[in-house]
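# Structural overview
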Amino acid sequence: MNESLLLDALKETDLCVSRAMLVTLDSRWNFTTAGSSFSRLYFVTKGGGFLKTADQTVEVTAGNVYFIPAGCAFSCGCEYMEKIFFHVTVSTPEKYGLCFSPCRICSLPCSAERLETLRTLLNTHEHLGILRLRLLLLETLTEILDRFPFERTEFKNASPLVRSLIGYIEENLSIRLTVAEIAGAFYLSESKIRTVFRRELGIPIGRYIDDMVFLRAEQMLSDPQTGIGQVSTALGFCDQFYFSRRFKEKFSVTPSKFKQGNTAYGPTPKKLQKPLDIFSQK
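These notes cover the structure that comes with them. (Residues numbered from 1 in each chain as written. Predicted model: local features only at pLDDT ≥ 70, side-chain atom pairs only at ≥ 80, totals over all residues. Heavy atoms only, no water.)

### Quick word on the packing of aromatic side chains
Across all of its chains, the model carries nine aromatic pairs by this definition. A ring pair is formed by Tyr 168 and Phe 186, whose centres lie 5.8 Å apart and whose planes are at 75°; its orientation type is edge-to-face. Within this pair, whereas Tyr 168 is found in helix H4 (residues 160-171), its partner Phe 186 is found in helix H5 (residues 179-186), the two being separated by 18 residues in sequence. Between Phe 237 and Tyr 242, the aromatic rings sit 5.9 Å apart at their centres with planes inclined by 55°, giving tilted as the arrangement. Residue classification places Tyr 242 among the partly exposed positions, given a relative accessible area of 27%. Among the aromatic side chains, those forming a connected cluster through ring pairs are Phe 214, Phe 237, Tyr 242, Phe 243, Phe 247 and Phe 258. Directly above the ring of Tyr 42 sits Lys 83, whose terminal nitrogen or CZ lies 3.2 Å from the centroid. (Phe/Tyr/Trp six-rings, centres within 6.5 Å; stacked < 30°, edge-to-face > 60°. Helix = DSSP H or I, 4+ residues; strand = E, 2+ residues; numbered from the N terminus. Buried < 20%, exposed > 50% of the residue type's maximum accessible area, 1.4 Å probe, protein only. Lys NZ or Arg CZ within 6 Å of the ring centre and 35° of its normal.)

### Here's the deal with the environment of Tyr 42
With respect to the element layout, Tyr 42 can be found in strand S3 (residues 39-52). For the pair formed by Tyr 42 and His 87, sequence separation is 45 residues and the distance between their alpha carbons is 9.0 Å. Those residues in contact with Tyr 42, other than ones at most four positions away along the chain, are Trp 29, Leu 51, Asn 64, Val 65, Tyr 66, Ile 68, Phe 74, Lys 83, Ile 84 and Phe 85. (Contact = heavy atoms within 4.5 Å.)

### With respect to the pattern of salt bridges
Inspection of the entire model under this criterion finds ten salt bridges. For Glu 139, the salt bridge goes to Arg 114, with nearest N and O atoms at 3.4 Å. A residue pair is termed long-range when its members are at least 10 positions apart, and Glu 139 in helix H3 (residues 127-147) and Arg 114 in helix H2 (residues 112-121) qualify at 25 residues. Of the residues examined, Arg 114 reaches a relative accessible area of 19% and is grouped as buried. In this structure, Arg 207 and Asp 211 form a salt bridge, with 3.6 Å as the shortest nitrogen-oxygen distance. Of this pair, Arg 207 and Asp 211 both sit in helix H7 (residues 205-221), four residues apart, which is roughly one turn of that helix. Judged by relative accessible area, which is 13%, Asp 211 ranks as buried. Beyond isolated ion pairs, a larger network of salt bridges with shared partners links Asp 210, Arg 245, Arg 246 and Glu 249. (Salt bridge = Lys/Arg side-chain N within 4 Å of Asp/Glu carboxyl O.)

### Quick word on the packing of H2 against H3
Here H2 crosses H3 at 140°, and the two axes come no closer than 10 Å. Viewed along their axes, H2 and H3 adopt a mutual orientation that is oblique. As H2 runs across H3, the sense of the crossing is left-handed. On the side of H2, the interface is formed by Arg 114, Thr 117, Leu 118 and Leu 121, while H3 contributes Gly 129, Arg 132, Leu 133, Leu 136, Glu 139, Thr 140 and Glu 143. Along the lines of polarity and charge, the residues of the contact of H2 with H3 split into four nonpolar, three polar and four charged. (Axes fitted to C-alpha atoms, helices over the stretch in contact; angles between N-to-C directions. Parallel < 35°, antiparallel > 145°, perpendicular 65-115°, else oblique. Left-handed = near helix turned anticlockwise from the far one by under 90°. Nonpolar A, V, L, I, M, F, W, Y, C, P; charged D, E, K, R; others polar.)

### Quick word on the pairing of strand S5 (residues 64-68)
Within S5, five of the five residues are buried, which leaves it mostly tucked inside the rest of the structure. Side-chain alternation along S5 places Asn 64, Tyr 66 and Ile 68 on one buried face and Val 65 and Phe 67 on a second face that is also buried. With five bridges connecting them, S3 and S5 associate as antiparallel partners. Pairing of Arg 40 across the sheet is with Ile 68, part of S5. Summarising the sheet, S5 and strand S7 (residues 106-109) pair through four bridges and their orientation is antiparallel. Within S7, the residue paired with Phe 67 across the bridge is Cys 106. (Pairing = 2+ DSSP bridges.)

Below you can see the structure in the form of structure tokens.
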């Protein structure tokens, strides 16, 4: 890889953290999810429970970190557990994020020192502390990806045109965004747009727009302060009912159930005191 391509890849490969919290859980932490576009890291400090997929049951115990990859449908439960959890996405220039095997949960031992460092850094207000926390997350993800044979979908290096198309879609993301509108913005034919996009990314541009809309919807719904109606309006849906139907078709769960599962973390959550966008390189 030449220097220019390397620099582009470094700039456009990004660790995004949509949620981060220290929580104490009880028997109310018991739900099933059809899978999400983000991955989960659970650093368990006390107690334990279980994580279960169609083919795997994992006993959760203190002193370990558990990785639940994007797309993994699972159920969970416990009687008592304390954990530090992160919802993470490692995005690529194509904005998809790394795609992992959808059915395998894995775990690694996590030292008491690392767990205590994470606990301390959750309350940091300093950029140096945020960088240290970011480094710990990247180290953990790297260790997991090195050790376990996850399948990842990676795209070719996109041309300047396709990168520009991706940027336009991101800036104008809406379920109403059409190929005709994009073609007009670039003074190109729809046929040209469709052909070059599919040739370089391997998927139709319409499907890409659809995927990005629901990825954004999922990210927005992860915020407890954002309502379903707000998400529906922001992404251009004609009404909340249509949005809910399309969301369920995509994720096999309604937006309201998704929000319930995404906030089912027990009675005494200790939230981060600093906005999460500081984790982003951009």
